[in-house]
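Residues per chain are reported as follows:
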Amino acid sequence: MSMLTMAEQRVRVTFAVRWPLQYASVLDMGRLWERLLRRAGLPVAYTQGYNPHMRMQFADALPVGYTSDCEAIDIYLGERVAPSELPALLQRYAPPGLRVSDAVEVDLKAKAPQALMREAIYRVSVHTEATPAAIREKLAALLERESIPRERKRRGRLRTYDLRELIYELAYLSGVPPRHHLHMRLRCGSHGSGRPADVLDAAEQPISDLRVHRIQLVWGQQEEHPS
Amino acid sequence: MPIDRETIRRLLTRVQRPARYAGGELHAVTKDWEQIDATLALAYPDVYEIGMSNLGLQLLYDAVNQHRNYLAERVYTPWDDMASAMEDAGIPLYSLETYHPIDAFDVIGFSLQHELTYTNVLTMLHLSHIPLLAADRHNGDPLIIAGGSGAYNPEPLAPFFDAFCVGEGEEAIVELLDIVHRAKDQRWERNRLVRAIASIPGYYVPALYEVDAAPNGMLIPQPIEEGTPSAVLKRIVPRLGPVPTKPVMPNMRVVHDRAMVEIQRGCSRGCRFCQAGMIYRPIRERPVDEIVQAVDELLGNTGYDEVSFVSLSSSDHSGIQAIVEKTLEHHGDDGVGISLPSLRTDAFSVGLAESVQQTRKSGLTFAPEAGSQRLRDVINKGVTEQDLVETATAAFQRGWNRIKLYFMLGLPTETDEDVLEIARLVTDVRRLGREIRGRRVQVSVTLSTFVPKPHTPLQWQPLADQATVQRRQRLIRENAQGRGIKLSWSDWDATWLEALISRGDRRLANAILRAWQMGARFDAWQEHFRPEVWREALEACNLDPTRYLGEWPLEQPLPWGVISAGVSEAFLQRERKRSLEGTTSADCREHCHACGILTTLGERYPESAQRAAWECP
């Protein structure tokens, strides 16, 4: 196999992230995928230039510590393969904690997956002595607010944003103190992503042992423009 | 009983870089404890990223796990956030394969590579709820052993360890597990087990030695009973064992994040300051075919895009050209890069480096070590100024913009004139680079400080004094300035502590324990290192550091004399004398200097101690 620079095919692979891979950062995840693709011997297309690397794109960066059922990566191949054979092949070479669930072909000219991200649905589990009713009340109060201005450090600079705009659904699901389960549907994508930890912080609900599991990424049909 | 993963997950919500502590990586070997006769925890006293990069531990992990009835698992030092999270939660240190508490293992084997990691050994024992002192451990406690280059002067750590494995451990560790297995089966008392270990070649059991003060005050270990050897001869493997081709694949960035193949062990150059060059004798080259096959398997199993040919002097392997060519032939089209970690200063090496770095010309590193020819002759660094100029010229002509040069300060007989020669060389190399490449040329210069290490011809020399070293660092800063020159130099206090511990005797163990109790942690990390704690600890133990750091009398015994690296003291003294006279000694592939290795190890390994097999002339 030699380094191919022309992409002949693009496949979108969906995968789950479990222990211990939930602790890999997005950069680590990129390296893990490069190595996985090399082990599997797939004819991946490379970028051209001084320091060529494999052409691939993640739909969204999964924060360190989160598990997921729905991560996606677009892989550009220099030779065509049968997408239906990919999940089994990739799984054979995958590190523990990575479960490949699906692979479909995507038009080479289609928008980058990051540009199509709209929402992410989370199941959030927390540890607190508060009663379900008290938690419900705090969540309701948060949803009542018209805006929730917050600051976030990004690339070393403090940036203000409105967290309220990023929350689409927020609900108490079930639980027995001290363990409670919440549902969150938050904006996700290149125009801002809501973080479950920030939502709980804004709701002034002190917690420990936050556990976040991403259930679903909601994709749009075309690129979104900032309003 | 293993620690529940849920418990660990809760801990990991509280720490930075949780991937360090999660384990379960690809190719980690997990065995059923019920089916196992003896268990070993391989411990590295530094963080995961550093420990995972250590090739020696990978060799031992592979050697032990190849045995059906034995297992080896890994453990590293938790960073302070994790250490306090564990203590708060009452969770002991655990292994990364099966999350067993470390004190559930039969043996904990520490790798000692650097003196400034020694306090982390105590942290790890403490977090494992294991008594720090060997004398306080009982039948149910694990056996605590150590290996690595630090075992060549075991005395400063002697009270903490049940045994030291001196030299190469691939076979010795399995022999130890054989004995541990028998001891478990037959329910031996701890004393009996420890004695049995002392009878395995290469193991030093400090409890079987008492210390006597030499006239200069140093504590010298002496066998308590007749029959205990007065010096423990290191172990070697007569030929290199198989290359581990399924290394554990980290889920986070580690220091050496690439495939590693050891192509050669030992070095024939005979640099007089170099401990590795003395203790890793004799030379054993791995055959080219074996290397090429290992590279194929490793890259297939790992998916790495870079392979490093590990050796003390990569360009000295007689088949290095073929190794590089075959690797490029098999994998060059896949974008696999080759790194040659230690290159000789010559045009051949530049050619070699060029053939492996078709696209990425990151930087070439050379180590002239001293500025003047006179001083390079003193340390027997067989590099001339002409070599350096030719090498730099070749590198610049072939497209490199960056050259890294390593020098040492504080060498024996060094004068300010010698040091000014470093500044001149650096400036010359930069000028050369500018003539050939233009203004973007960069010369990076690393100035370390010479530490007189045990088992080298310079072991009797003093550590240079602080004022001299710092003045000479300044001299270079003042005389090698300007665009394109980047200088870095070592911190005096770190050098001081390294020298102190590496030359220490058994008394120094008190100071190590005291410093740890006073909060010394991760001394190799600038953000943690607190030299004042060490000074207070030394004072509290009534120890005068200058006694360890001064010149040592030739005729008196040394604390590390209880260990034999196979090299005779007569040879070291001869080399010392030649050093101070400024006489060089030829590469020992060309001329035998009768270092003693053929005699000492030849007795133990008669068939393989053929001069040809070890590259001895």
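Values in this document were obtained by computation on a predicted structure and should not be read as measured data.

S.K.: For the overall build of chain A, give the residues involved together with the corresponding values.
M.R.: Helix and strand content of chain A: 5 helices and 10 strands. Along the first, second and third principal axes, the C-alpha atoms of chain A reach 60 × 40 × 30 Å. Scored against the burial criterion, the 227 residues of chain A give a buried share of 31%. Put simply, of all contacts in chain A between residues at least 6 apart along the chain, 75% involve residues at least 24 apart.

S.K.: Hey, could you go over the overall build of chain B for me, with residue numbers and the actual values?
M.R.: Looking only at helices and strands, chain B features 22 helices and 19 strands. Against the globule reference of 25 Å for 617 residues, chain B gives a C-alpha radius of gyration of 24 Å, in line with a compact fold. In terms of overall dimensions, chain B has a C-alpha envelope of 70 × 60 × 55 Å along the principal axes. Contacts in chain B between residues far apart in sequence, at least 24 positions, make up 76% of those at least 6 positions apart.

S.K.: Quick rundown of the interface of chain A and chain B? Include the residues and the values.
M.R.: The partner chain B presents 25 residues to the 25 residues of chain A that form the contact. For the side of chain A that touches chain B, the secondary-structure elements that each account for two or more residues are α1 (26-40) and β10 (208-219) of chain A. The biggest single contributor to the side of chain A that touches chain B is α1(A), with 6 residues. The residue inventory of the side of chain A that touches chain B, partitioned by class, reads 16 nonpolar, 4 polar and 5 charged.

S.K.: Tell me about the nonpolar core, and please be specific about residues and values.
M.R.: Counting 234 residues, the largest nonpolar core has L40(B) and V261(B) as the members making the most contacts within it. Composition of this core by domain shows at least three residues from each of domain 1 (9-110) and domain 2 (115-219) of chain A. If we ignore the near neighbours within four places in the chain, the residues touching L40(B) are V64(B), Y70(B), L71(B), A72(B), F105(B), D106(B), V107(B), G109(B) and L177(B).

S.K.: Residues and numbers for the domain arrangement of chain A, please.
M.R.: All names here are of chain A. Here the domain parsing of chain A yields domain 1 (9-110) and domain 2 (115-219). Its C-alpha centre places domain 1 at a distance of 28 Å from the equivalent point of domain 2. Each partner contributes to the interface: domain 1 provides 10 residues, whereas domain 2 provides 9 residues. Considering only residue class, the side of domain 1 that touches domain 2 consists of 6 nonpolar, 2 polar and 2 charged.

S.K.: Can you explain the sheet that holds strand β10 (residues 259-262) of chain B? Please cite residues and give values.
M.R.: Residues and elements named next belong to chain B. The strand order across the open sheet formed by 3 strands is β10-β13-β14, and the pairing between neighbours is parallel. Here the strands that pair on one side only, and so sit at the sheet edges, are β10 and β14 (337-339). Strand-to-strand twist in this sheet, taken as the mean axis angle between neighbours without regard to direction, amounts to 25°. Strand direction decides the pairing type here: strand β13 (residues 306-310) and β14, joined by 3 bridges, are parallel. Looking at β14, one finds that S308 is bridged to S339. Here helix α10 (residues 288-302) sits on the sheet in contact with β10 and β13, set at roughly 160° to β10.

S.K.: Hey, could you go over the environment of K486(B) for me, with residue numbers and the actual values?
M.R.: All names here are of chain B. Residue position: K486 is located in strand β18 (residues 485-489). In this structure, the C-alpha to C-alpha distance between K486 and G596, residues 110 residues apart in sequence, is 42 Å. When near neighbours in sequence (up to four residues on either side) are disregarded, K486 contacts Q442, S444 and V445.

S.K.: So what's going on with the pairing of β13(B)? Residues and values would help.
M.R.: All names here are of chain B. Examined bridge by bridge, β10 and β13 share 4 bridges and lie parallel to one another. By the bridge assignment for β13, A259 is matched with V307. Handedness of the β13-helix α11 (residues 320-331)-β14 crossover: right-handed.

S.K.: Tell me what's going on with the sheet that holds strand β6 (residues 203-204) of chain B, and back it up with residues and numbers.
M.R.: Residue and element names in this part refer to chain B. What the 6 strands build is an open sheet, ordered β2-β1-β3-β4-β5-β6; its pairing is mixed. With partners counted over all chains shown, the strands left at the sheet margins are β2 (70-76) and β6, one partner each. One ladder, built from 4 bridges, connects strand β1 (residues 38-44) with strand β3 (residues 107-111); its direction is parallel. Bridge pairing in β3 places L42 opposite G109. Sheet strands in contact with helix α7 (residues 172-185) are β1, β2, β3, β4 (143-147) and β5 (163-165), and its direction is about 135° off that of β1.

S.K.: Could you give me a rundown of the packing of α10(B) against α11(B), with the residues and numbers involved?
M.R.: Residues and elements named next belong to chain B. Remark: α10 packs on α11, axes separated minimally by 10 Å, with the N-to-C direction vectors making an angle of 35°. Here α10 and α11 pass one another in a crossing that is right-handed. Two secondary-structure elements touch here, α10 through V288, I291, V292, V295, D296 and L299 and α11 through A322, I323, K326, T327, H330 and H331.

S.K.: Give me the lowdown on the environment of L312(B), citing residues and values where you can.
M.R.: All names here are of chain B. Mapped onto the fold, L312 is located in the loop between β13 and α11. Along the backbone, L312 and I263 are 49 residues apart, and their C-alpha atoms lie at a distance of 9.5 Å. The residues contacting L312, other than those within four sequence positions of it, are C267, A276, G277, Y280 and S342.

S.K.: Residues and numbers for the packing of helix α15 (residues 416-437) of chain B against helix α16 (residues 466-479) of chain B, please.
M.R.: Residue and element names in this part refer to chain B. Running from amino to carboxyl end, α15 crosses α16 at an angle of 35°, the nearest separation of the two axes being 9 Å. The hand of the α15/α16 crossing is right-handed. Across the interface between the two elements, D416, V419, L420, I422 and A423 from α15 touch R472, L475, I476 and N479 from α16. Residues of the contact of α15 with α16, tallied by class, amount to 6 nonpolar, 1 polar and 2 charged.

S.K.: Quick rundown of the pairing of strand β3 (residues 67-77) of chain A? Include the residues and the values.
M.R.: Residues and elements named next belong to chain A. For β3, the buried fraction is high: 8 of the 11 residues fall into the buried class. The pairing of strand β1 (residues 9-17) with β3 spans 8 bridges and is classified as antiparallel. Across the sheet, the residue bridging to V13 is I73, located in β3. When strand β2 (residues 56-58) meets β3, the two strands line up antiparallel, connected through 3 bridges. Among the inter-strand pairings, Q57 is bridged to a residue of β3, identified as D74. Here β3 runs beside β10; their pairing, made up of 2 bridges, is parallel. Paired with S68 across the bridge in β10 is R214.

S.K.: Which residues make up helix α14 (residues 385-397) of chain B, and what are the values?
M.R.: An α-helical turn contains 3.6 residues, so any two residues separated by three or four positions project in the same direction. Residue and element names in this part refer to chain B. Over its 13 residues, α14 extends 18 Å from the first C-alpha to the last, a length consistent with the 18 Å expected when each residue adds 1.5 Å. All buried positions along α14 are accounted for by L388, T391, A392, A394, A395 and F396. G399 sits one or two positions beyond α14 and adopts a positive phi of about 110°.

S.K.: Which residues make up unusual backbone geometry, and what values do they have?
M.R.: W19(A) connects to P20(A) through a cis peptide bond whose omega is -5°. Examined against the element boundaries, P20(A) turns out to sit in the loop between β1 and α1. Phi angles above zero are rare outside glycine, and E369(B) is one such case at about 70°. Topologically, E369(B) is positioned in strand β15 (residues 364-369). Residue T413(B) is not a glycine yet carries a positive backbone phi of 70°. Summarising the element assignment, T413(B) is placed in the loop between β16 (402-409) and α15. Residue T413(B) is classed as partly exposed on the basis of its 14 C-beta neighbours within 10 Å.

Criteria and cut-off values
Residues numbered from 1 in each chain as written. Chains lettered and ligands numbered in written order. Predicted model: local features only at pLDDT ≥ 70, side-chain atom pairs only at ≥ 80, totals over all residues. Helix = DSSP H or I, 4+ residues; strand = E, 2+ residues; numbered from the N terminus. Buried ≥ 20, exposed ≤ 12 C-beta atoms within 10 Å, placed from the backbone. Contact = placed C-beta atoms within 7 Å. Rg over C-alpha atoms; globule rule 2.2 N^0.38 Å. Nonpolar A, V, L, I, M, F, W, Y, C, P; charged D, E, K, R; others polar. Core = buried A, V, L, I, M, F, W, Y, C linked by C-beta atoms within 7 Å. Domains from an automatic or database assignment. Pairing = 2+ DSSP bridges. Axes fitted to C-alpha atoms, helices over the stretch in contact; angles between N-to-C directions. Right-handed = clockwise from strand over helix to strand, strands pointing away. Left-handed = near helix turned anticlockwise from the far one by under 90°. Expected span 1.5 Å × (residues − 1).

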